[in-house]
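The residues making up each chain are set out below.
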Amino acid sequence: MKPDKVLSMIGIAARAGNIVSGEFSTEKAVKSGKAYLVIAAVDASENTKKHCMDMCSYRGLPYFEYADKERLGNSIGKAYRASLAVTDANLAETIIKKLKESGIGPAPRRLQESNN
């Protein structure tokens, strides 16, 4: 089986102490301005994905959906994780690059309705 470069980079970021995981920690990092990238598991609940997408859209942060909860959690040495945030700008940039090389684009943003 070919090693997953995205999950490997997430693991490196976790070992460097630059990952927060879980819905509440991810939300706290985003709202405090410490997050540079948010990743949600593809099998996370629709509510979780919508919440992450809305937070990132509002703050202009990159948001991706990648891997399932088990693989996302295992990559950082934990159990299941539905979402995580990268708190280092350089590592976030590298992970985004690896995601794009894997053919994964940013999750589509919700269109804002205008009241015009």
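The preceding data block contains the structure.
Keep in mind that this is a model prediction, so the values were computed, not measured. (Residues numbered from 1 in each chain as written. Predicted model: local features only at pLDDT ≥ 70, side-chain atom pairs only at ≥ 80, totals over all residues. Heavy atoms only, no water.)

## Digging into the pairing of strand β2 (residues 37-40)
Covered by surrounding structure in β2 are Leu-37 and Ile-39 together with Val-38 and Ala-40, the residues of both alternating faces. In the sheet, β2 pairs with strand β3 (residues 63-65) via 3 bridges, with the strands oriented parallel. The partner of Val-38 across the bridge, within β3, is Tyr-63. Running through helix α3 (residues 46-59), the crossover from β2 to the neighbouring parallel element β3 is right-handed. (Buried < 20%, exposed > 50% of the residue type's maximum accessible area, 1.4 Å probe, protein only. Helix = DSSP H or I, 4+ residues; strand = E, 2+ residues; numbered from the N terminus. Pairing = 2+ DSSP bridges. Right-handed = clockwise from strand over helix to strand, strands pointing away.)

## Re the nonpolar core
Membership of the largest hydrophobic core comes to 23 residues, with the highest contact counts inside it found for Ile-10, Leu-37, Ile-39, Leu-84, Val-86 and Ile-95. Of all elements in the fold, only α1 (5-15), β2, β4 (83-86) and α5 (89-101) reach the threshold of two or more residues within this core. Listed in part, the 13 residues of the second largest apolar core include Ala-29, Val-30, Val-38 and Met-53. (Core = buried A, V, L, I, M, F, W, Y, C linked by side-chain atoms within 4.5 Å.)

## Topic: the sheet that holds strand β1 (residues 19-21)
Sheet strands pair via backbone hydrogen bonds, and the direction of the pair is either parallel or antiparallel. Spatially, the 4 strands line up as an open sheet ordered β1-β4-β2-β3, and their pairing is mixed. Two strands close off the open sheet at either side, each with one partner strand: β1 and β3. The mean inter-strand angle of the sheet, taken between neighbouring strand axes irrespective of direction, is 20 degrees. As defined by bridge partners, β2 adjoins β4 across 4 bridges and the pair is classed as antiparallel. Bridge assignment links Leu-37 to a residue of β4, and that residue is Val-86. (Axes fitted to C-alpha atoms, helices over the stretch in contact; angles between N-to-C directions.)

## Quick look at α5
Given a rise of 1.5 Å per residue, 13 residues ought to cover 18 Å, and the 18 Å separating the end C-alpha atoms of α5 matches this to within 8%. Within α5, burial applies to Leu-91, Ala-92, Ile-95, Ile-96 and Leu-99. In a view along the axis of α5, the buried residues occupy a sector of 140 degrees, so they form one face of it. Across from the buried face of α5, at angles greater than 90 degrees, the exposed residues are Asn-90, Glu-93, Lys-97, Lys-100 and Glu-101. Buried-residue contacts for α5 involve α1, β2, β3 and β4. Where α5 begins, the side chain of Asp-88 points an oxygen toward the backbone nitrogen of Asn-90, at a separation of 3.2 Å. Just downstream of α5 lies Gly-103, where phi reads positive at about 85 degrees. (Expected span 1.5 Å × (residues − 1). Arc of directions from axis to C-beta. Contact = heavy atoms within 4.5 Å. Polar contact = N/O pair within 3.5 Å; in protein donor to acceptor, adjacent residues only side chain to side chain.)

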